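Breakdown of the fold
Given next are the chains, with one letter for each unit.
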Amino acid sequence: MTTPVRRTSDWMAVVRAEESAQPDAYHADPCAEVFVTEEARQVVAAFKPFHPPSEVVPVRARLGDKTLLSSGVRQAVSLGAGSDCRPYRLPLEPSFAYYEVDLPGQLSGKAEALAQAGYHPRCRVVCVETDLRSPPPSVAPGFDASMATHWIVEGVFYYLTSAEAESVIGWITRQSGPGSWLTFDIPHPRFFTDPDHQPFLREMAAHGVPFAGAVEDPVAWLAPHGWTAEAATHRDIAEGRCPWLAPLPPRLRGRKQDIWLTRAHR
Ligand SMILES: C[S@@+](CC[C@H](N)C(=O)[O-])C[C@H]1O[C@@H](n2cnc3c(N)ncnc32)[C@H](O)[C@@H]1O
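What you are looking at is a predicted structure, and each value in this text was computed from that prediction instead of being measured.

1. Some words on the packing of aromatic side chains
Scanning the entire structure with this criterion turns up 14 aromatic pairs. Arranged with centres 6.0 Å apart and planes meeting at 65°, the rings of Trp151 and Trp171 form a pair that is edge-to-face. Residue Trp151 is located in strand β4 (residues 150–153), and its partner Trp171 is located in helix α6 (residues 162–174); the two are separated by 20 residues in the primary sequence. Trp171 matches Trp151 in its accessibility class, with the two residues each being buried. What links up through ring pairs into an aromatic cluster is the set Trp11, Phe47, Tyr158, Tyr159, Phe191, Phe192, Phe200 and Phe211.

2. Focus on helix α2 (residues 38–47)
Listed as buried for α2 are Ala40, Val43, Val44 and Phe47. Viewed along the axis of α2, the buried residues span an arc of 95°, placing them on a single side of the element.

3. A few points about the side chain of Lys110
Tracing the backbone through its elements, the reader meets Lys110 in helix α5 (residues 110–116). Taking the relative accessible area as the measure of exposure, Lys110 reaches 4% and is therefore buried. Among all residues touching Lys110, those that are not within four sequence positions of it are Phe35, Ala81, Gly82, Ser83, Asp84 and Glu100.

4. Quick look at the pairing of strand β1 (residues 75–79)
Strand residues, when the strand is regular, have side chains that alternate between the two faces of the sheet. Counting buried positions along β1 yields five of five residues, so the element is predominantly enclosed. For β1 and strand β2 (residues 97–102), the ladder comprises five bridges, and the chain directions are parallel. Counted as the bridge partner of Val77 is Tyr99 from β2. Pairing geometry for β1 and β4, over four bridges, is parallel. Bridge pairing links Ala76 to His150 in β4.

5. Structural notes on the site of the ligand
Taken together, 20 residues lie around the ligand, and Gly80, Asp102, Gln106, Asp131 and Glu154 are the ones closest in. Take Arg16: an N or O atom from its side chain is 2.9 Å from an oxygen atom of the ligand. Here Asp102 contributes a side-chain N or O atom positioned 2.6 Å from an oxygen atom of the ligand. About the coverage of the ligand: the protein hides 98% of its 600 Å² of free accessible area.

6. Regarding the nonpolar core
Core analysis: the largest hydrophobic core is formed by 33 residues, its most contacted members being Trp11, Phe200, Ile237 and Leu245. Top element by residues in this core is helix α1 (residues 4–20). It accounts for five residues. Residues contacting Leu245, with those up to four places away along its chain left out, are Tyr26, Val59, Leu63 and Ile237.

7. Points about the layout of surface pockets
Here the second largest pocket is characterised by a volume of approximately 400 Å³. Val15, Glu18, Lys48, Ser54 and Glu55 are the residues nearest the centre of the second largest pocket, which is lined by 16 residues in total. At four residues, the largest contribution of residues to the lining of the second largest pocket is made by α1. When the residues that make up the lining of the second largest pocket are grouped by side-chain class, the tally is seven nonpolar, three polar and six charged.

8. Quick look at the environment of Gly105
Within the secondary structure, Gly105 is located in the loop between β2 and α5. Along the primary structure Gly105 and Glu129 are separated by 24 residues, whereas in three dimensions their C-alpha atoms are 7.3 Å apart.

9. Topic: the sheet that holds strand β7 (residues 259–265)
Taken in spatial order, the seven strands of this open sheet run β3-β2-β1-β4-β5-β7-β6, and their pairing is mixed. The open sheet terminates on both sides in strands that have one partner only, identified here as β3 (124–129) and β6 (228–233). Averaged over all neighbouring strand pairs, the angle between strand axes comes to 15°, with direction disregarded. Each of β1, β2, β4, β5 (181–187) and β7 is contacted by helix α3 (residues 56–71), which is oriented at about 5° to β7, the strand it contacts most.

Parameters and conventions
- Residues numbered from 1 in each chain as written.
- Predicted model: local features only at pLDDT ≥ 70, side-chain atom pairs only at ≥ 80, totals over all residues.
- Heavy atoms only, no water.
- Phe/Tyr/Trp six-rings, centres within 6.5 Å; stacked < 30°, edge-to-face > 60°.
- Helix = DSSP H or I, 4+ residues; strand = E, 2+ residues; numbered from the N terminus.
- Buried < 20%, exposed > 50% of the residue type's maximum accessible area, 1.4 Å probe, protein only.
- Arc of directions from axis to C-beta.
- Contact = heavy atoms within 4.5 Å.
- Pairing = 2+ DSSP bridges.
- Near = heavy atom within 4 Å.
- Polar contact = N/O pair within 3.5 Å; in protein donor to acceptor, adjacent residues only side chain to side chain.
- Areas by Shrake-Rupley, 256 points an atom, 1.4 Å probe, with all protein chains shown as cover.
- Core = buried A, V, L, I, M, F, W, Y, C linked by side-chain atoms within 4.5 Å.
- 1 Å grid on protein atoms, 1.4 Å probe; cavity = no way out; pocket = protein on both sides within 12 Å on 5 of 7 lines; lining within 4 Å.
- Points joined across faces, edges and corners; volume = space filled by probe spheres on them.
- Nonpolar A, V, L, I, M, F, W, Y, C, P; charged D, E, K, R; others polar.
- Axes fitted to C-alpha atoms, helices over the stretch in contact; angles between N-to-C directions.

Next up, the structure:
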């Protein structure tokens, strides 16, 4: 049996694999299938009646890909990387440095599983085991904090309190050279007060992975840290109010989520 946090990452892979199989996939991740185990499918099936906000997963993945490929950076850090396979599926230069950060044990066996399926890293991948609630001063030995970096924080702020998220943003900012980018998703406080979400929130807590994080306004949150941000909720995107993300297909806008998608630059 895997740990509860490990399961959230395999769960994301199932969602990405299902979207990838759509003829008009909003986001395609061929590597996701590698992590679609029977156990992962069972977790997804068990949570389905509680309506998890899975619509957000392909949207943040597409935003992250688009930002990374257009940013011109030569290093990226994926916090809470889980089954994120960007170094294995995106056309990154061999000299590109991609840091995958996650809790101890979360990334073990990942490279081997991908290799067995024929996926090999296109660039340099460095795995870092750390708890973001008490990270070391630097991402890793060799990480160049003076360089422009793309920070990818997908599906992670949900599990951090406001104080922990604030501390993570400070940690990121201290290690971000000029020209850095940051993309992430985080619930709006409305997500927690919406009566429709209470059964799902209770279920997550009961399984040891309570949702904790929310922010009223990501743009205002990031500004004192020197980031210029753009943010739209999934609801905004679903209702056509986000010019910087492609319109969603009907299956991804059937339920509208009060969850922010944010990209920021400094
Ligand atoms: C929902 S998964 C998202 C995985 C991946 N980013 C994606 O979008 O597919 C959440 C990930 O965040 C990691 N995580 C949660 N809390 C963390 C913490 N305090 N420090 C480091 N990683 C954490 C989990 O281990 C898990 O891999």
